[in-house]
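# Structure assessment
The residues making up each chain are set out below.
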Amino acid sequence: MALLEILRYPDSRLRNKAKPVDQIDAETRQLVDDMFETMYEASGIGLAATQVNSTKRLLVMDISEQHDDPICLINPEIISKEGEEREEEGCLSVPGVHEPVKRAKHIRVKALDRDGSPIELELEGLPAVCVQHEIDHLDGKLFIDYLSRLKRARIRKKLEKEARQADD
Ligand code: GNR
Ligand code: NI
């Protein structure tokens, strides 16, 4: 097991588009395990491979308080969406920023699990928000892309300043 570095906005690698996983081999399972460890350590509820500089199309999440409901989605696809809801989001790659984003309220998602077995989930509320947020990461998209240019520019300046101060 290993902790992975989480990329931070405006790192251009967060814009990479993930490639479908065609073989769930030992390397893929190692990445999944390391992503769970990294997500739990960072107190996140989800993590997309893009955030740890991998282009594999997979994500991990765990919405439970006790860290006892790990979900791994490989090659996830949203197969239906219904309704609309605006909820506050945050992101481990955009630390300290919380803004409301409009998402589908109810989704069905199909994917492969860590063993390569097909799974289909019906989600609403926070799990639905989280899966949509993570799949956006796999497509190179961030939740702040839904905000105004002005807000995004302010966030960029703030994080660039914090990165400079962390440097020296
Ligand atoms: O930990 C996280 N919390 C969160 C809260 C509301 C909406 C989405 C999220 S995902 C985020 C972890 C993260 O950045 N995943 O990509
Ligand atoms: Ni995120």
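The coordinates are above.
This write-up is about the structure you can find in this document. Bear in mind the structure is a predicted one, so any value in this text is a computation, not a measurement.

### Observations regarding the coordination of the nickel ion (ligand 2)
The coordination sphere of the nickel ion (ligand 2), as far as protein atoms go, consists of Cys91 (SG), His133 (NE2) and His137 (NE2), spread over 2.1 to 2.3 Å. All donors of the nickel ion (ligand 2) belong to a single chain; written as a sequence motif, their spacing is C-x41-H-x3-H. One end of the pair is His133 and the other is His137, both in helix α2 (residues 126-138) and 4 residues apart, which spans about a single turn. Taken individually, His133 and His137 each receive the classification buried, so the pair is uniform in this respect.

### As for the site of ligand 1
Around ligand 1, 13 residues are found, and the nearest of them are Ile45, Gln51, Leu92, Glu134 and His137. Within the backbone of Ile45, one N or O atom sits 3.0 Å away from an oxygen atom of ligand 1. Within the contact set of ligand 1, an oxygen atom lies 3.2 Å away from a side-chain nitrogen or oxygen of His133. Here ligand 1, which alone exposes 380 Å², has 89% of that area covered by the protein. In terms of residues, the shell around ligand 1 owes the most to one element, α2, which gives 4 residues. Here the shell around ligand 1 is composed, by residue class, of 4 nonpolar, 6 polar and 3 charged.

### Description of the side chain of Asp62
Mapping Asp62 onto the fold places it in the loop between β2 (58-61) and β3 (71-82). Buried within the structure, Asp62 lacks any salt-bridge partner; its nearest side chain of opposite charge belongs to Arg114, at an N-O separation of 13 Å. Side chain to side chain, Asp62 and Tyr40 meet in a polar contact 2.5 Å long. Side-chain polar atoms of Asp62 contact the backbone nitrogen of Asp68, separated by 3.4 Å. Beyond its immediate sequence surroundings of up to four residues, Asp62 is in contact with Met39, Tyr40, Ile45, His67, Asp68, Asp69 and Pro70.

### Thoughts on the pattern of salt bridges
One pass over the structure, following the stated rule, counts 14 salt bridges. A salt bridge links Lys56 to Glu27; the nearest nitrogen and oxygen atoms lie 3.6 Å apart. Placement of the pair is Lys56 in the loop between β1 (46-48) and β2 and Glu27 in helix α1 (residues 26-41), with a sequence separation of 29 residues. Using a relative accessible area of 21% as the deciding quantity, one classes Lys56 as partly exposed.

### Overview of the environment of Lys158
One can find Lys158 in helix α3 (residues 149-167). The sequence separation of Lys158 and His98 amounts to 60 residues, and the corresponding C-alpha distance is 14 Å. Look past the residues within four positions of Lys158 in its chain and what remains in contact with it is Pro95, Gly96 and Val97.

### Quick look at the packing of aromatic side chains
With the rule as written, the count across this model stands at 1 aromatic pair. Against the face of Tyr146 rests Lys141, its NZ or CZ located 4.6 Å from the ring centre.

### Details of the nonpolar core
In terms of nonpolar packing, the biggest core is built from 16 residues, with Leu59, Met61, Leu73, Ile107, Val109, Leu123 and Val131 touching the most fellow members. Only β2, β3, β6 (106-112) and α2 provide two or more residues apiece to this core. In contact with Met61, not counting residues within four places along its chain, are Phe36, Met39, Ile45, Gly46, Asp69, Pro70, Ile71, Pro127, Cys130 and Val131. By size, the runner-up hydrophobic cluster in this structure holds 15 residues, among which are Ala49, Val52, Val60 and Cys72.

Cut-offs and rules
Residues numbered from 1 in each chain as written. Chains lettered and ligands numbered in written order. Predicted model: local features only at pLDDT ≥ 70, side-chain atom pairs only at ≥ 80, totals over all residues. Heavy atoms only, no water. Donors = N, O, S within 2.8 Å, 3.2 Å for Na, K, Ca; no water. Helix = DSSP H or I, 4+ residues; strand = E, 2+ residues; numbered from the N terminus. Buried < 20%, exposed > 50% of the residue type's maximum accessible area, 1.4 Å probe, protein only. Near = heavy atom within 4 Å. Polar contact = N/O pair within 3.5 Å; in protein donor to acceptor, adjacent residues only side chain to side chain. Areas by Shrake-Rupley, 256 points an atom, 1.4 Å probe, with all protein chains shown as cover. Nonpolar A, V, L, I, M, F, W, Y, C, P; charged D, E, K, R; others polar. Lys, Arg positive; Asp, Glu negative; His and termini not counted. Salt bridge = Lys/Arg side-chain N within 4 Å of Asp/Glu carboxyl O. Contact = heavy atoms within 4.5 Å. Phe/Tyr/Trp six-rings, centres within 6.5 Å; stacked < 30°, edge-to-face > 60°. Lys NZ or Arg CZ within 6 Å of the ring centre and 35° of its normal. Core = buried A, V, L, I, M, F, W, Y, C linked by side-chain atoms within 4.5 Å.

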